[in-house]
Amino acid sequence: MRIRKICMPTDFSETAETAFGHALALAERFGASLDVLHVSDLHTVVPYDEIHHEPSFDDVLERLEETSGSEMQRLLQKAESGDVMIREHQRRGISVAPTIIEFATDHDIDLLVLGAHGRRGLRRLLLGSVAEEVVQTAPCSVLTLRAGEATATPQPWRRILVPFDFSSGARHALRAAKELAARDHAMLEVVHVIDTPIYPAVYGLFGEPLPTPDFPRLVTGVEEHLATAVDAVGGPDVTVAVKAVAGTPADGVLSRADDTDPDLIVLATRGLTGVEHLLLGSVAEKIVRRSACPVWTVKGADEADEANA
């Protein structure tokens, strides 16, 4: 896994500023350059709205870009003493996410680092709009950080959780996770959730998944397959544990994360169902939305080729 160019889109919110610390630390760790991008969202600019008090659309945009330029300089002053090559960019776009994707594609970005929500706060979470769309459509890996988890002084990863469904995308993510773990001497846990039925509460079972009677034997078999998969993907030699749990996929992963408190979750954006159904549209989306720790989503090799095409 080569991380040569990192891009951090920012809206200058508190979450974005603290995410900047993560992006800068990763750039130092990988020896990568860092592009800091601000997008002026033309869709949300209404030049004749009385809140702007401006009759000219161009005047509104110029004022926005002057303000963002000042904010950009303030942000970049925090990194003046570092060795990372930092470039600042301002773009105009009808919508933020497609503009970020276009920039990442045009500049051959290897990793996007996104704060989970920005200035719009509870009224409209960035994670529910821009970041979610970026994770779905980015041609590269994406690291998302929810509000409250980004810190100004990021710590090395010590424990990484890897959801695994035996798909080619999951294998690609596992290989990437092993390489990330090797850099920080972190421990990996590879978890597979055995999807068990959840019965309606009216059945008197309170919606809890019910493992089958032969579940212990099933767990043993799955964990043997997990261990084989870990060896098969190759990559650096790191400490790896495997675990099979019962439940529904997203809830099972999040529950395991609650139990083990990982520093990072690494997962693929496409699972067993392939083109017909994106994993991100169900399992990964829920994990990105609800995880208490940063989530690194990885494009599979075939998926990255499709995105570039």
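**Some points on helix α7 (residues 249–260)**
Each turn of an α-helix holds 3.6 residues, which means side chains three or four residues apart point in the same direction.
Point 1. Along its 12 residues, α7 runs 17 Å from first to last C-alpha, staying within 8% of the 16 Å computed at 1.5 Å per residue.
Point 2. Listed as buried for α7 are Ala250, Gly252, Val253, Leu254, Arg256, Ala257 and Thr260.
Point 3. Check the buried side of α7 and you find it contacts β6 (159–163), β7 (187–195), β8 (240–247), β9 (264–268) and α8 (283–290).
Point 4. Two residues or fewer past α7, Asp261 is found with a positive phi of approximately 55°.

**Thoughts on the pattern of salt bridges**
Point 1. A full pass over the atoms with the stated rule returns 8 salt bridges.
Point 2. Of the charged contacts, one joins Arg175 and Glu179 as a salt bridge, the two residues approaching to 3.0 Å between their closest N and O atoms. Here Arg175 pairs with Glu179, and both are found in helix α5 (residues 168–184), just 4 residues apart, close to one helical turn.
Point 3. A relative accessible area of 16% places Glu179 in the buried class.
Point 4. Across the salt bridge formed by Arg290 and Asp251, the nearest N and O atoms sit 3.1 Å from each other. Of this pair, Arg290 sits in helix α8 while Asp251 is found in helix α7, placing the two residues 39 residues apart along the sequence.

**Examining the nonpolar core**
Point 1. In terms of nonpolar packing, the biggest core is built from 47 residues, with Ile6, Leu34, Val113, Ile160, Val266 and Trp296 touching the most fellow members.
Point 2. Cys7, Leu37, Ala138 and Cys140 belong to the second largest nonpolar core, which has 19 residues in total.

**Let's talk about the sheet that holds strand β5 (residues 141–145)**
Point 1. The strand order across the open sheet built from 10 strands is β3-β2-β1-β4-β5-β10-β9-β6-β7-β8, with neighbouring strands paired in mixed fashion. The open sheet has two free edges, formed respectively by β3 (86–93) and β8, since each of these has just one partner strand. The sheet shows a mean angle of 25° between the axes of neighbouring strands, direction not considered.
Point 2. Set on the sheet, helix α3 (residues 96–106) makes contact with β1 (5–9), β2 (33–41), β3 and β4 (111–115); between it and β2 the angle comes to about 150°.
Point 3. Docked against the sheet, α8 engages β5, β9 and β10 (295–298), running at close to 160° with respect to β9.

**Some thoughts on the packing of aromatic side chains**
Point 1. All told, the structure shown has 2 aromatic pairs when counted by the stated rule.
Point 2. With a centroid separation of 6.0 Å and 85° between ring planes, the pair formed by Trp157 and Trp296 is classed as edge-to-face. Highlighted residues: Trp157 in the loop between β5 and β6 and Trp296 in strand β10, separated in sequence by 139 residues.
Point 3. Residue class for Trp157 comes out buried when judged on its relative accessible area of 8%.
Point 4. Classification of Trp296 by relative accessible area gives buried; the value is 0%.
Point 5. The ring of Trp157 is capped by Arg29, whose NZ or CZ atom sits 4.8 Å from the centre of that ring.

**Observations concerning the environment of His107**
Point 1. Residue placement: His107 occurs in the loop between α3 and β4.
Point 2. With 72 residues separating them along the chain, His107 and Asp35 place their C-alpha atoms 9.4 Å apart.
Point 3. Beyond its immediate chain neighbours, meaning those up to four positions away, His107 contacts Lys5, His89 and Arg91.

**Brief notes about the pairing of β1**
Point 1. Within β1, 4 of the 5 residues are buried, which leaves the element mostly enclosed by the surrounding structure.
Point 2. With 5 bridges connecting them, β1 and β2 associate as parallel partners. Bridged to Ile6 within β2 is Leu34.
Point 3. Remark: the β1/helix α1 (residues 14–30)/β2 crossover connection has right-handed handedness.
Point 4. In this sheet, β4 lies alongside β1 in parallel orientation, the contact comprising 2 bridges. Considered in β4, the bridge of Cys7 is made with Leu112.

**Here's the deal with the confidence of the model for the protein**
Point 1. Per-residue pLDDT for the protein averages 78, and the proportion of residues at 70 or more is 67%.
Point 2. Mean pLDDT across the elements of the protein bottoms out in helix α9 (residues 301–308) (51) and peaks in β6 (97).
Point 3. Here residues 46–56 is a poorly scored stretch, pLDDT under 50, and it has 13 contacts once near neighbours within four places are set aside; other chains count.
Point 4. Here residues 304–309 is modelled with pLDDT under 50, and outside its nearest four sequence neighbours on either side it reaches 5 contacts, counting other chains as well.

**Side note on the side chain of Thr99**
Point 1. Structurally, the position occupied by Thr99 is in helix α3.
Point 2. Assessed through its relative accessible area of 9%, Thr99 is described here as buried.

The rules behind these values
- Residues numbered from 1 in each chain as written.
- Predicted model: local features only at pLDDT ≥ 70, side-chain atom pairs only at ≥ 80, totals over all residues.
- Heavy atoms only, no water.
- Helix = DSSP H or I, 4+ residues; strand = E, 2+ residues; numbered from the N terminus.
- Expected span 1.5 Å × (residues − 1).
- Buried < 20%, exposed > 50% of the residue type's maximum accessible area, 1.4 Å probe, protein only.
- Contact = heavy atoms within 4.5 Å.
- Salt bridge = Lys/Arg side-chain N within 4 Å of Asp/Glu carboxyl O.
- Core = buried A, V, L, I, M, F, W, Y, C linked by side-chain atoms within 4.5 Å.
- Pairing = 2+ DSSP bridges.
- Axes fitted to C-alpha atoms, helices over the stretch in contact; angles between N-to-C directions.
- Phe/Tyr/Trp six-rings, centres within 6.5 Å; stacked < 30°, edge-to-face > 60°.
- Lys NZ or Arg CZ within 6 Å of the ring centre and 35° of its normal.
- Right-handed = clockwise from strand over helix to strand, strands pointing away.
- pLDDT = per-residue confidence, 0-100.

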